[in-house]
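# Descriptive analysis of the structure
If you want the building blocks of each chain, they are given just below.
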Amino acid sequence: MSELAARLRETPPKAGRTRVAAIDGRSGSGKSTLAASLARELGAPVVSMEDLYGGWDGLEDGVDRLVSDVLVPLSEGRRAFVPRYDWIAGAWGAPVPLDPPAELVVEGVGAGCARAARYVSLLVWLELPEEIRKHRALERDGDTYDPHWDRWAAQETAMLAREHTPERADVVMVF
């Protein structure tokens with residue numbers, strides 16, 4: 001068992017009976033890759049913040065949706081309905097039902113925000129130099145992301161200035 005999986009399982013659940021691992025970091029830092037690996041190991045579902053943003057200007061709204069639509073219902077022992085934004089269509093799709101799991105991995109920018117912290121058992125921050133992050137993100141998403149990089153980065157910068165997520169993280173992984 002990996003160190004992250006072991007740490008999560010050793011922590012008490014904070015979202016009802018669910019232990020939530022929040023994997024946060026700036027765009028292109030490797031959150032999705034780490035989340036997929038951890039989720040496979042745990043046999044846990046993944047909620048991606050990208051499904052919650054609602055577009056290029058939706059970072060803050062995505063965090064609100066994470067709390068209200070996912071974490072609060074799970075903390076109350078209820079089924080959550082995870083919103084799903086279709087970036088190609090520019091519209092919301094049908095939400096996906098999520099019964100309270102033993103472990104849940106939430107990944108994406110804002111996953112570790114203070115307003116979600118009361119539900120998070122393990123906060124992981126990924127740190128990578130900007131030039132590498134940008135290269136990775138643009139290689140992954142190509143022309144779709146390129147015109148929005150600066151706009152999105154400004155939202156990340158504003159959020160991090162307020163949230164101090166790396167300083168609150170239980171684990172910081174620097175690459």
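Residues numbered from 1 in each chain as written. Predicted model: local features only at pLDDT ≥ 70, side-chain atom pairs only at ≥ 80, totals over all residues. Heavy atoms only, no water.

## Structural notes on the sheet that holds strand β6 (residues 122-127)
Strands sit in the order β2-β5-β1-β6-β7 across an open sheet of 5 strands; the sheet is parallel. In this open sheet, the two strands that pair with only one neighbour each are β2 (46-48) and β7 (171-174). With strand direction ignored, the average angle separating the axes of adjacent strands in the sheet is 20°. (Pairing = 2+ DSSP bridges. Helix = DSSP H or I, 4+ residues; strand = E, 2+ residues; numbered from the N terminus. Axes fitted to C-alpha atoms, helices over the stretch in contact; angles between N-to-C directions.)

## Quick word on the packing of aromatic side chains
A complete count under the given rule lists 5 aromatic pairs for this structure. Aromatic pair Tyr85 and Trp87: ring centres 5.4 Å apart, planes at 90°, arrangement edge-to-face. On the basis of relative accessibility, which here comes to 14%, the residue Tyr85 falls in the buried class. One aromatic cluster is present, formed by Tyr53, Trp56, Tyr85, Trp87, Trp92 and Trp152 through successive ring pairs. (Phe/Tyr/Trp six-rings, centres within 6.5 Å; stacked < 30°, edge-to-face > 60°. Buried < 20%, exposed > 50% of the residue type's maximum accessible area, 1.4 Å probe, protein only.)

## Points about the environment of Leu126
Of note, Leu126 is situated in strand β6. With 16 residues separating them in the primary sequence, Leu126 and Gly110 have C-alpha atoms 12 Å apart. If we skip the residues at most four places from it in the chain, Leu126 touches Ile23, Asp24, Gly25, Arg26, Ser29, Gly30, Lys31, Leu34, Met173 and Phe175. (Contact = heavy atoms within 4.5 Å.)

## Points about the nonpolar core
Val47, Met49, Leu66, Val70, Leu104 and Val106 are the most contacted members of the largest nonpolar core, which totals 36 residues. Listing elements by their share of this core, those giving two or more residues are β1 (19-25), α3 (59-75), β3 (80-86), β5 (103-107), β6 and α6 (149-163). Leave out the neighbours within four places in its chain, and Val47 touches Leu52, Val70, Val82, Leu98, Leu104, Val105, Val106 and Glu107. Core analysis: the second largest hydrophobic core is formed by 16 residues, Leu8, Leu34, Leu42 and Leu122 among them. (Core = buried A, V, L, I, M, F, W, Y, C linked by side-chain atoms within 4.5 Å.)

## With respect to the packing of helix α1 (residues 3-10) against helix α2 (residues 31-42)
Following both chains from N to C, one finds α1 and α2 inclined at 60°, their axes separated by 10 Å at the closest point. Considered as vectors, α1 and α2 are oriented oblique to each other. Between α1 and α2 lies a crossing whose hand is right-handed. Here Leu4, Ala5, Leu8 and Arg9 of α1 lie close against α2, whose contacting residues are Leu34, Leu38, Glu41 and Leu42. In the contact of α1 with α2, the residues fall into 6 nonpolar, no polar and 2 charged. (Parallel < 35°, antiparallel > 145°, perpendicular 65-115°, else oblique. Left-handed = near helix turned anticlockwise from the far one by under 90°. Nonpolar A, V, L, I, M, F, W, Y, C, P; charged D, E, K, R; others polar.)

## Here's the deal with the pairing of strand β4 (residues 91-98)
For β3 and β4, the ladder comprises 6 bridges, and the chain directions are antiparallel. Across the sheet, residue Arg84 finds its bridge partner in β4, namely Gly93. Where β3 folds back on β4, the antiparallel hairpin that results is connected by 4 residues, among which Gly90 adopts a positive phi of roughly 70°.

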